[in-house]
Amino acid sequence: MYLGTAASPGIAIGPAVLVQSTELTIIRKNSDNSNIEIESLHRAIAASRTDLERIRDKAHQAMGAEKAAIFEAHLMMLEDPVMIDEVKELITVRKASAEAAYDEISQRYVKTFEAMTNAYMKERAADVRDVSVRVLRKLLGVETVDLTSLEADCVLVGHDFTPSDTATMNRARVLGILTDIGGRTSHTAIMARTLGIPAVVGAKVMSHTIRNGDLVIIDGDSGEIHINPEAGLIARYSTQKQQHAALKDALNQLRGKPSVTRDGRQVELAGNIGSPKDIEVLKKGDAEGVGLFRTEFIYMNRETLPSEEEQFECYREVLSSVSSKPVIIRTLDIGGDKSLPYLDMPKEMNPFLGYRAIRICLDQVDLFKTQLRAMLRASVYGNLNIMFPMISSLEELLAAKRILAETASELRTKGVKIAQKIPVGIMIEIPSAAMMADVLAKNCDFFSIGTNDLIQYTCAVDRMNEKIHDLYNSYHPGVLRLVNKVIQDAHSAGIWAGMCGEVAGELPLVPVLLGMGLDEFSMSPNSILK
Ligand code: PEP
Ligand code: MG
């Protein structure tokens, strides 16, 4: 038995599919038979073409022509006759093996693109690298796993999955997720909980221990992992799995009931979502609103920024599909473990303390205003609340509100209809904001406490680092004191305080938070009924 961090509840039993993220090892060997090497090269290109065409068609179906265009570009790079001729020349003249030749030439192209000054062209280096890894995998016989089209039910095992992997994978086929790194509040774990997929993260060397096709059991409640277990253990876990399903049924009986304590205090139980696709799970979870819409997922898995129109459609869809329930849309919170390759964000020493979220929006005002315009235009379709992430000072809040007011007035001048009242709130996830909560509360309409970040900043513990996972402690008195202060400061100023960090769904802390007077609990939709 191995142990990782329990990240999303439930039991998964099934064959492992290893998603390799390890570097490919290319040995610069020579070959006496150039014809065989050239044949292998053509076979690898043809197989890559088949894969790319399939992925392109799927992307087209699921996400539209614009998203599919990137794979069209990959196909063109794959077939580039000049590059193929250069590879063949190395094979025939230098007697290089197909993989050694392809690797050398593609790396040369990557370097050429990287050296360009035009930001757009520079970014193409990543595409060339992508295409070349695809071809090299075929040449080396290392299969690429296409997460969007998994053919059979499986447990995904990998060193790590990016939030965009989790967003695009074929949800119906994934029984469970197991990773070497990450903690309970890494975005991969949060996404797994939203989707109701059992997950164990931070399991250290699992991706090197498990082989493709091994039967694995992961227990998302205890963090236990079993590889090729005996029949008795499989039977025990199968029973446990059935108990889980029975508990789910029992919880479903609570749907539609009011969220009131025995002593008559009413709170709001809301859900966190990352895309309009999550509305379905939100409804199944009986959410009384959206406490956090992480809009950054709209910006991921694409080549360019989403247009105002695309964002408008997305916000409108969410607002109108939950009728008049409150929806808190958070402005872009990119950075940390969520990156956008096309934004040209330089690698940072401390990404969680770096150029992220509201800091980017106050710096790149056009990008911020585009998002705000989309939200304001959508406001007439429901009950919109706007929330700014990563506020660390009053100045930032006032600056963000100024830009919002300016955007609203520009729209009104053009005759665009906007809801009369749009409450504006902030995430309290930085200790300096918690300490200044009394002042901030006089300048906004609500608070939502982001414990995922608040814990990491208060305790100086990276939320992604499994080595120090024990220090990432939701029960730390220092954290609880800050949470309490924020709630009391909100109430003194006459505004409400909610929580959208994962602590809001942590059962043992619920009585504590109720005692402190928390007004709204927002969590992964799958945790609400519990
Ligand atoms: C938080 O920090 O608690 C939060 C809800 O935001 P995110 O997890 O997206 O950083
Ligand atoms: Mg946060």
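The residue count restarts for each chain, going from 1 along the sequence in the order it is written. All chains are assigned letters beginning at A, and all ligands numbers beginning at 1, according to the order in which they are written. In keeping with the predicted nature of the model, local features appear solely for residues at pLDDT of at least 70, side-chain atom pairs appear and are counted solely at 80 or more, and the whole-chain, interface and lining totals rest on all residues. Heavy atoms from the whole structure form the basis of all side-chain values; hydrogens and water molecules are not counted.

Turning our attention to the site of ligand 1. A cutoff of 4 Å decides nearness: a residue is near a molecule or strand if any of its heavy atoms lies inside that distance of it. Taken together, 16 residues lie near ligand 1, and Arg-294, Arg-330, Gly-450, Asn-452 and Arg-463 sit nearest. Polar contact is defined as a pair of N or O atoms within 3.5 Å, subject to the rule that within protein one atom must be able to donate a hydrogen and the other to accept it, and that residues adjacent in sequence are counted only when both atoms are side-chain atoms. In the environment of ligand 1, an oxygen atom lies 2.8 Å from a nitrogen or oxygen atom belonging to the backbone of Asn-452. Surface exposure here means Shrake-Rupley accessible area, sampled with a 1.4 Å probe, where a residue is shielded only by the protein chains that are shown. Considering ligand 1 on its own, with 280 Å² of exposed area, one finds that the protein chains cover 100% of that surface. Put simply, the grid is 1 Å and covers the protein atoms alone, a cavity is a trapped set of points that fit a 1.4 Å probe, a pocket is an open set with protein on both sides within 12 Å along at least five of seven lines, and lining residues have an atom within 4 Å of a point. By definition, a pocket or cavity contains a molecule when more than half of the molecule's atoms lie within 2 Å of the pocket's grid points. When each cavity is represented as a set of grid points, ligand 1 is found to reside in the largest cavity. Secondary structure elements follow DSSP: runs of H or I of four or more residues count as helices, runs of E of two or more count as strands, with numbering from the N terminus. For the shell around ligand 1, the secondary-structure elements that each account for two or more residues are helix 7 (187-195), strand 10 (290-294) and helix 17 (451-459). At three residues, helix 17 tops the list of elements feeding residues into the shell around ligand 1. We call Asp, Glu, Lys and Arg charged. Ala, Val, Leu, Ile, Met, Phe, Trp, Tyr, Cys and Pro are nonpolar, and the rest, Gly among them, are polar. In terms of residue class, the shell around ligand 1 is built from four nonpolar, five polar and seven charged.

We now examine the pattern of salt bridges. Salt bridge, as used here: a side-chain nitrogen of Lys or Arg that lies within 4 Å of a carboxyl oxygen of Asp or Glu. Taken as a whole, this structure holds 28 salt bridges when the rule is applied. Taking the shortest distance from any N to any O, the salt bridge between Lys-138 and Asp-51 comes out at 2.8 Å. In this pair, Lys-138 sits in helix 5 (residues 119-140) while Asp-51 sits in helix 1 (residues 34-63), placing the two residues 87 residues apart along the sequence. Only protein chains enter the accessibility calculation, which uses a 1.4 Å probe. A residue is then buried if its area is under 20% of the maximum for its type, exposed if over 50%, and partly exposed in between. Residue class for Asp-51 comes out buried when judged on its relative accessible area of 15%. The shortest N-O distance in the salt bridge between Asp-453 and Arg-356 comes to 3.4 Å. Of this pair, Asp-453 sits in helix 17 while Arg-356 sits in the loop between strand 11 (326-330) and helix 12 (358-363); the two residues are 97 residues apart in sequence, bridging distant segments of the chain. Looking at Asp-453, the relative accessible area reads 3%, which means it is buried. Bridged by salt links that share partners, the residues Glu-296, Arg-330, Asp-333, Lys-338, Arg-356, Asp-453 and Arg-463 form one connected network.

If you look at the biggest cluster of nonpolar residues, it comprises 91 residues, and the most contacted ones within it are Phe-293, Phe-388, Ile-426, Phe-447 and Val-483. The definition of a nonpolar core used throughout is a set of buried Ala, Val, Leu, Ile, Met, Phe, Trp, Tyr and Cys residues joined through side-chain atoms within 4.5 Å. Counting 29 residues, the second-largest nonpolar core is a separate cluster that includes Leu-90, Ala-98, Ile-105 and Phe-113.

Gaps between atoms show up when a probe of the same size as a water molecule is rolled over them. Grid points are joined across faces, edges and corners, and a volume is the space filled by probe spheres set on the points. Scanning the entire structure with this criterion turns up four cavities of 30 Å³ or more. Roughly 90 Å³ of volume is contained in the largest cavity. Elements supplying a minimum of two residues to the lining of the largest cavity: strand 10 and helix 17. Each residue belonging to the lining of the largest cavity can be placed in one class, and the counts come to three nonpolar, four polar and eight charged. Around the second largest cavity, the lining residues are Gly-182, Gly-183, Arg-184, Thr-185, Asp-462, Arg-463, Met-464, Asn-465, Glu-466, His-469 and Tyr-472.

So, about the coordination of the magnesium ion (ligand 2). Donor selection uses N, O and S atoms within 2.8 Å of the metal (3.2 Å for Na, K and Ca). Since no water is included, sites may look incomplete. On the protein side, the magnesium ion (ligand 2) has Glu-429 (OE) and Asp-453 (OD) as donor atoms, found 2.0 to 2.1 Å from it. In this pair, Glu-429 is assigned in the loop between strand 13 (424-428) and helix 15 (431-435) and Asp-453 in helix 17, connecting sequence segments 24 residues apart. Of the two residues, Glu-429 and Asp-453, neither departs from the other in class, the shared state being buried.

Residues of strand 14 (residues 446-449) alternate between two faces, with Phe-446 and Ser-448 on one and Phe-447 and Ile-449 on the opposite face, all of them buried. Pairing between two strands is assigned when DSSP locates at least 2 bridges connecting them. Alignment of strand 13 against strand 14, held across four bridges, turns out to be parallel. In the strand pairing of strand 14, Met-427 is matched with Ser-448. Pairing analysis gives four bridges linking strand 14 to strand 15 (residues 496-499), with the strands arranged parallel. Residue Phe-447 lies in a different strand from strand 15, and its bridge partner there is Ala-497.

Between the first and last C-alpha of helix 14 (residues 394-413) there are 28 Å, a value that for 20 residues agrees with the 28 Å anticipated at 1.5 Å per step. When we look at burial in helix 14, the residues that qualify are Glu-396, Leu-397, Ala-399, Ala-400, Ile-403, Leu-404, Thr-407, Ala-408 and Leu-411. A helix is expected to reach a length of 1.5 Å times the quantity of its residues less one.

A few words on the packing of aromatic side chains. When we look at a pair of aromatic rings, we describe it by the centre distance and by the angle of the planes. Centres within 6.5 Å make a pair out of two Phe, Tyr or Trp rings, where for Trp the six-membered ring is used; the pair is then stacked when the planes are under 30 degrees apart, edge-to-face when over 60, and tilted otherwise. Under the defined criterion, the tally for this structure stands at four aromatic pairs. Taken together, a centroid distance of 6.0 Å and an interplanar angle of 80° make the contact between Phe-293 and Tyr-315 edge-to-face. Placement of the pair is Phe-293 in strand 10 and Tyr-315 in helix 11 (residues 308-321), with a sequence separation of 22 residues. A cation sits over an aromatic face here: Arg-316 above Tyr-381, 5.3 Å from the ring centre. Sitting over the ring of Phe-312, Arg-377 keeps its end group 4.2 Å from the ring centre. Two thresholds decide whether a charge sits over a ring: the Lys NZ or Arg CZ must be within 6 Å of the ring centre and within 35 degrees of the ring normal.

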